[in-house]
Amino acid sequence: MEKIISGKNIAVNEEGYLTDFSQWNKEIGEALAKEANITLTPRHWEVLAYLQESHKNEIPLSIRKVGKSGVVDIKEFYELFPQGPLKTATKIAGIPKPVSCI
Amino acid sequence: MSETNGDIKKMMIILSKATLENVYAAFILANGARSEGIQAEVFFTFFGLEAIHKKKLEHLHVATVGNPAMHIPTMLGGLPGMEAIATTMMKHEMEKIDMPDVHEFLDILTASGVKLWACQLAMEMFHYKKEDLYDDVDGVLTVGAFYNRGKGEGTHMLFI
């Protein structure tokens, strides 16, 4: 399905996650963050860049992995994205929602 | 139902057992709630207290007796060392799927905002003191006080 994000037609799945990362850019990220009631700071962008890099390198994401990344600890990750950090951050980053339960 | 539209807002999990499979079930459910943006609190009562007891939490075992899913005869499950063998095997498998050990899991839960409560009555029964417990336990509570924390719409309680 498609959704208009930041004035463009973007391919997304039923949950609103981008299905084609090449359509992502910072404006799309900003618009998705706004939908999640998050104002992006430089810290948010650092974490988003790390998540995108992990996805590119096909590293499965979990809270534990993020916590051990050295980029952000679990507590801060929750402070940056309070309503379910991995779920929210991956959506803003334009990458798939992680399937791990841990 | 009206206010939350049926959404789950808070999971109140009661852990009464200290076998590894039950402890992990409680922890995964609490962690899974937080990662969906749902609040979570765990109440440790009776043997469940061992999961937050500093000296015991590293030595929890899988139950090999009375557990048909282990697929070993009950008689064998009761032999000395069987629980240790089964536990070692299970820990090995869990490491493969990136599952943290009990202590690290508690660290993850508290960092994620999960509240951990020890049952007052069980603490008295086992003669445990607050100092015996994992440092980030939020406090010792009565059942009534735990229930009070579950007030509001969209709260669900689970007994493990």
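Residues numbered from 1 in each chain as written. Chains lettered and ligands numbered in written order. Predicted model: local features only at pLDDT ≥ 70, side-chain atom pairs only at ≥ 80, totals over all residues. Heavy atoms only, no water.

Engineer: Help me understand the environment of A:Pro85, please; the structure alone is not making it clear to me.
Structural biologist: Note on placement: A:Pro85 falls in helix α5 (residues 85-93). A residue is classified by how much of its surface remains accessible, and A:Pro85, at 0% relative accessible area, is buried. The spatial distance from the C-alpha of A:Pro85 to the C-alpha of A:Ile63 is 8.4 Å, given a sequence separation of 22 residues. Beyond its immediate sequence surroundings of up to four residues, A:Pro85 is in contact with A:Ile63, A:Phe77, A:Tyr78, A:Thr90 and B:Arg34. (Helix = DSSP H or I, 4+ residues; strand = E, 2+ residues; numbered from the N terminus. Buried < 20%, exposed > 50% of the residue type's maximum accessible area, 1.4 Å probe, protein only. Contact = heavy atoms within 4.5 Å.)

Engineer: Explain the interface of chain A and chain B here, please?
Structural biologist: Interface size is commonly expressed as the accessible area that is lost once the parts come together. Facing 16 residues of chain A, the contacting portion of chain B comprises 16 residues. Summing the contributions of chain A and of chain B, the shared interface buries around 1,300 Å²; its carbon and sulfur component is 50%. Broken down residue by residue, the surface that chain A buries against chain B is led by A:Arg64, A:Tyr78 and A:Ile102, which jointly contribute 50%. At the boundary of chain A with chain B, the tally comes to four salt bridges. Across the pair B:Glu104 and A:Lys68 runs a salt bridge, and its minimum N-O distance is 3.8 Å. Where chain A touches chain B, the interface holds three residue pairs in polar contact (both at pLDDT 80 or more). Among the secondary structure elements, those contributing two or more residues to the side of chain A that touches chain B are α3 (63-67), α4 (74-80) and α5 of chain A. When the residues that make up the side of chain A that touches chain B are grouped by side-chain class, the tally is seven nonpolar, three polar and six charged. (Buried area = accessible area lost by both parts, 1.4 Å probe. Salt bridge = Lys/Arg side-chain N within 4 Å of Asp/Glu carboxyl O. Polar contact = N/O pair within 3.5 Å; in protein donor to acceptor, adjacent residues only side chain to side chain. Nonpolar A, V, L, I, M, F, W, Y, C, P; charged D, E, K, R; others polar.)

Engineer: How do you make sense of the packing of aromatic side chains when you look at a structure like this?
Structural biologist: One pass over the full model with this rule turns up nine aromatic pairs over all chains. Ring geometry for B:Phe27 against B:Phe44: centres 6.3 Å apart, planes inclined by 80°, an arrangement best described as edge-to-face. Pair noted here: B:Phe27 is in helix α1 (residues 20-35) and B:Phe44 is in strand β2 (residues 39-44), with a separation of 17 residues, a long-range link. Judged by its relative accessible area of 0%, B:Phe27 is buried. Three or more aromatic residues link up through ring pairs in this structure, and these residues are B:Tyr24, B:Phe27, B:Phe44 and B:Phe105. The ring of A:Trp45 has A:Lys26 sitting right over it, with the charged end atom 4.7 Å from the ring centre. (Phe/Tyr/Trp six-rings, centres within 6.5 Å; stacked < 30°, edge-to-face > 60°. Lys NZ or Arg CZ within 6 Å of the ring centre and 35° of its normal.)

Engineer: What exactly am I supposed to notice about the sheet that holds strand β1 (residues 10-15) of chain B here?
Structural biologist: Strand pairing in a sheet relies on backbone hydrogen bonds. The paired strands run either parallel or antiparallel. Residues and elements named next belong to chain B. Read from one edge of the open sheet, five strands run β4-β3-β2-β1-β5, paired in parallel fashion. Every interior strand has two partners, whereas the edge strands, β4 (139-141) and β5 (155-159), have only one. With strand direction ignored, the average angle separating the axes of adjacent strands in the sheet is 25°. (Pairing = 2+ DSSP bridges. Axes fitted to C-alpha atoms, helices over the stretch in contact; angles between N-to-C directions.)

Engineer: Explain a negative patch on the surface to me, please; I cannot follow it from the model alone.
Structural biologist: A cluster of acidic residues, B:Glu58, B:Glu95, B:Asp101, B:Asp107 and B:Asp136, forms a negative patch at the surface. With respect to the secondary-structure elements, B:Glu95 resides in helix α3 (residues 82-96). (Patch = residues over 30% accessible without salt bridge, like charges linked within 9 Å, V, L, I, M, F, W, Y side chains within 5 Å. Areas by Shrake-Rupley, 256 points an atom, 1.4 Å probe, with all protein chains shown as cover. Lys, Arg positive; Asp, Glu negative; His and termini not counted. Charge placed at Lys NZ, Arg CZ, Asp CG, Glu CD.)

Engineer: Mind showing me how you'd approach the layout of surface pockets here?
Structural biologist: With a probe scaled to a water molecule rolled over the atoms, the places where space remains empty come into view. Counted as a void, the largest pocket has a volume near 380 Å³. Taken together, 15 residues line the largest pocket, and the ones lying closest to its centre are A:Gln83, A:Lys87, A:Thr88, B:Glu36 and B:Gly37. Mapped onto the lining of the largest pocket, the elements with two or more residues apiece are α1 (26-35) and α5 of chain A. By residue number, the principal contributor to the lining of the largest pocket is α5(A), which donates three residues. Volume-wise, the second largest pocket comes out at about 230 Å³. In terms of lining residues, the second largest pocket is bounded by 17 residues, among which A:Pro98, A:Ser100, A:Cys101, B:Ser35 and B:Glu36 are the most central. Sort the elements by how many residues they give to the lining of the second largest pocket and α1(B) lands first, with five residues. Taken together, the residues of the lining of the second largest pocket sort by class into nine nonpolar, five polar and three charged. (1 Å grid on protein atoms, 1.4 Å probe; cavity = no way out; pocket = protein on both sides within 12 Å on 5 of 7 lines; lining within 4 Å. Points joined across faces, edges and corners; volume = space filled by probe spheres on them.)

Engineer: Just checking my understanding: could you explain the environment of A:Ala33 for this structure?
Structural biologist: All names here are of chain A. Following the sequence through the fold, Ala-33 ends up in helix α1. Sequence separation between Ala-33 and Val-72 is 39 residues, and the spatial gap between their C-alpha atoms is 18 Å. Setting aside residues up to four positions removed in sequence, Ala-33 forms contacts with Ile-38, Leu-40 and Ile-92.

Engineer: Mind showing me how you'd approach the nonpolar core here?
Structural biologist: Inside soluble globular proteins, nonpolar side chains tend to come together where they are buried. Counting residues in each nonpolar core, the largest one holds 45 residues, and the members touching the most others are B:Phe27, B:Phe44 and B:Ile52. Mapped onto this core, the elements with two or more residues apiece are β1, α1, β2, α4 (102-111), β3 (115-119) and α5 (120-125) of chain B. Ignoring anything within four residues of it in the chain, the contact list for B:Ile52 reads B:Phe44, B:Leu57, B:Leu106, B:Ala118, B:Asp132, B:Leu133, B:Tyr134 and B:Val137. Listed in part, the 30 residues of the second largest apolar core include A:Ile10, A:Leu51, A:Ile63 and A:Phe81. (Core = buried A, V, L, I, M, F, W, Y, C linked by side-chain atoms within 4.5 Å.)

Spatial relationships are all this shows, so hold off on functional conclusions.
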